[in-house]
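Descriptive structure summary
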Amino acid sequence: MRIADLGLDPRIVEILKKQGIEELYPPQVDAIGPALLGENLVLAIPTASGKSLVAYLAILASFLRGGKALYIVPLRALAAEKYEDLKEFEELGLKVGISVGDYDSIDPSLEKFDVIVATSERADSLLRHRLNWLQALTVVVADEVHLINDADRGPTLEITLAKLRQVNPKAQVLALSATIKNSDQIAKWLEAEHVKSEWRPVPLKEGVYHEGLVHFVDKSIVEIRDRGDDISGLVADIMLSGGQALVFVNTRRSTEALAKALGTHLRHELDEKKKEHLGKVAESLSAAQDEPTSMGARLARCIENGVAFHNAGLTNAQRATVEKEFRKGRISCIVATPTLCLHPDTMITTTRGPVPISKIRQGDMVLTHNGRFRKVLGTSHRSYAGRLIEIKADGMLPIRMTAGHRVLRNLQHRYGYHARGTSWHEIRRTAPEWVRAVQLRVGDQVLSPIECPYTMADGGTMLLKVHDQTFTGRNQFGSEFPHPTAKAVPKEVPFDRRVARFLGLYAAEGFTGRNGVVGFAIATYEEELTRFITATMTDVFQAVPKVIDSTRHRRRVYCCSKALASYLDEQFGRRAPNKHFPEELVNAPLDIVEGLLRGLWEGDGNVRLSEPPTARLNT
């Protein structure tokens, strides 16, 4: 059936014609009648069979009659896609809005839009705020409604649809679903017409590639021309037949490396018109970056060759560009990583405290595996109906994740020695490795990030958290009050090269006493070190330093502070055999590490000018 024969507004027919849509697919023909008549409809057909177009036409027909629509999707990425699709009809006067933000806020501007695209969680929030315009809805579209069976998003979607039907029983409900066995039960629940089909515009075939041949499950065999390597040959063959390819690899680095390699083989297959367009896309991609990155430059070079990579390292804008050009057929191949997922309730450590991963936003600073906070460049979501793995480790909350999610695991080996009447063993660790969650076994050690003892303050200054105690005094009656005269050690101090040098020197020559003494044992001739230690104690830690010289050129420089002594004991160890640098300080910025090493060298390092000259560090 032709679009022009449906009796639609000629402007709609013309817009669809510009998009190359002039005829309906067989499942669309079965569904378009109830959709345009305003009847409830459950449309269960395979992906890419035209579900969305049926919903768009129902929305437009209702809009031209003065109606208003709500389009519910499970994912933000899908919301952005539907928003862009519907904006193509703005020349009809259609106003399209999107709402995927804060679930607890009210956006009064939504009332002015004719179509609102929202995630199911956001739609639920709008209902709970009892907004008046919801009663004016004439069409409600629930995309990917088969996710009603999903343990996480399903209940929210089901309750949202039930509430909407209660608030506005006259509104038309269009439920779009992939092919599932019990779609008729959803239709019965929604009191809707049921259209189900297995028809696909492009047949779906599964096959295995081996030695230049693809063996399909239907027993057919296709020969692939040799292109130097197997993947290039497969992708080139798909391009020559007018198709596009999605290639999945395990790591981000592999996406870039393979995309670059494919581009060198496939750029010769591009016509001049496509080369010119992709060159402009690559140029605009580079120009659009507020802060140019090497990844953005590498992506632009790949796009010029008709290939792109797609991974979590891309910004939202870069990801949107790749997806848009691929949908329009201009990018022939995308190399991507499979999406790895954590449960939406998983708590993530940020500079604003623990936050559920579903609430993480672009620009948040999150704690990474090396103990440092990094800025979030973008987020993504996806539905998942498979089994989740729950990991419970000592000192950690249980974490649920997909089987393919990567976890950092410690490798341990039992090492023993048995000889000449001596027998001993020890557990040795090697470098940790990233493994899939499904590979973990009971007894394995997994690594969790340790928060660095500094936070980012205004202006990028680092602060070292020393303590969180309150310095109080006490009278003869037992009452506590802020101490009237004594100065307390600051709870946080600027963590710069000077403080790092002080801590490095403490690791080499420092000591603490049980009564709160913090001291350094140095030589009497080390005047420069004496001045540095006393000045740092006074200026940074607001302590009162004392210097005592004893026999044999020995000098003690010390102050009294139980809070500072407790911090040093906890972070650096007490007494020489237990001294160490905290791991998070070793992973600090380079200038901090340089300060630590300088202090350590000044305390325990020495140089001999004999032949050959030597430098030694004696700890």
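Residues numbered from 1 in each chain as written. Predicted model: local features only at pLDDT ≥ 70, side-chain atom pairs only at ≥ 80, totals over all residues. Heavy atoms only, no water.

Focus on the pattern of salt bridges
Across all of its chains, the model carries 21 salt bridges by this definition. Across the pair R330 and E325 runs a salt bridge whose closest N-O atoms are separated by 3.5 Å. Where R409 meets E433, a salt bridge forms, and the shortest distance between an N and an O atom there is 2.8 Å. Taken together, the residues span a long stretch of sequence, with R409 in strand β20 (residues 406-419) and E433 in strand β21 (residues 422-436) at a distance of 24 residues. Given the relative accessible area of 15%, R409 is considered buried. By sharing partners, the salt bridges in this structure join R501, E528, R598 and E602 into a single network. (Salt bridge = Lys/Arg side-chain N within 4 Å of Asp/Glu carboxyl O. Helix = DSSP H or I, 4+ residues; strand = E, 2+ residues; numbered from the N terminus. Buried < 20%, exposed > 50% of the residue type's maximum accessible area, 1.4 Å probe, protein only.)

So, the sheet that holds strand β5 (residues 139-142)
By way of backbone hydrogen bonds, the strands of a sheet pair with one another, either parallel or antiparallel. Read from one edge of the open sheet, 7 strands run β3-β4-β2-β5-β6-β1-β7, paired in parallel fashion. Where the open sheet ends on each side, the last strands, each with one partner, are β3 (96-99) and β7 (193-196). Taken over all neighbouring pairs, the strand axes of this sheet differ in orientation by 15° on average, direction set aside. In this sheet, β5 lies alongside strand β2 (residues 69-73) in parallel orientation, the contact comprising 4 bridges. Within β5, the residue paired with Y71 across the bridge is V141. Against the sheet, helix α2 (residues 26-36) makes contact with β1 (41-44), β6 (172-177) and β7, and its axis sits at roughly 170° relative to β1, the strand it touches most. Against the sheet, helix α3 (residues 51-64) engages β1, β2, β4 (115-119), β5 and β6, with an angle of about 165° to β6. (Pairing = 2+ DSSP bridges. Axes fitted to C-alpha atoms, helices over the stretch in contact; angles between N-to-C directions. Contact = heavy atoms within 4.5 Å.)

A short note on the environment of A61
Within the secondary structure, A61 sits in helix α3. Each C-alpha atom, one on A61 and one on I12, is 9.7 Å from the other, the two residues being 49 residues apart in sequence.

Details of the packing of helix α1 (residues 10-18) against α3
When two helices pack together, their arrangement is given by the angle between the helix axes and by the axis-to-axis distance. Their axes nearest at 11 Å, the elements α1 and α3 cross at an angle of 150°. One element, α1, and the other, α3, form an angle in the roughly antiparallel class. Seen from above, α1 lies across α3 with right-handed handedness. Packed against α1, whose contacting residues are R11, I12 and L16, the element α3 presents L53, L57, L60 and L64 at the interface. Tallied by class, residues from the contact of α1 with α3 come to 6 nonpolar, no polar and 1 charged. (Parallel < 35°, antiparallel > 145°, perpendicular 65-115°, else oblique. Left-handed = near helix turned anticlockwise from the far one by under 90°. Nonpolar A, V, L, I, M, F, W, Y, C, P; charged D, E, K, R; others polar.)

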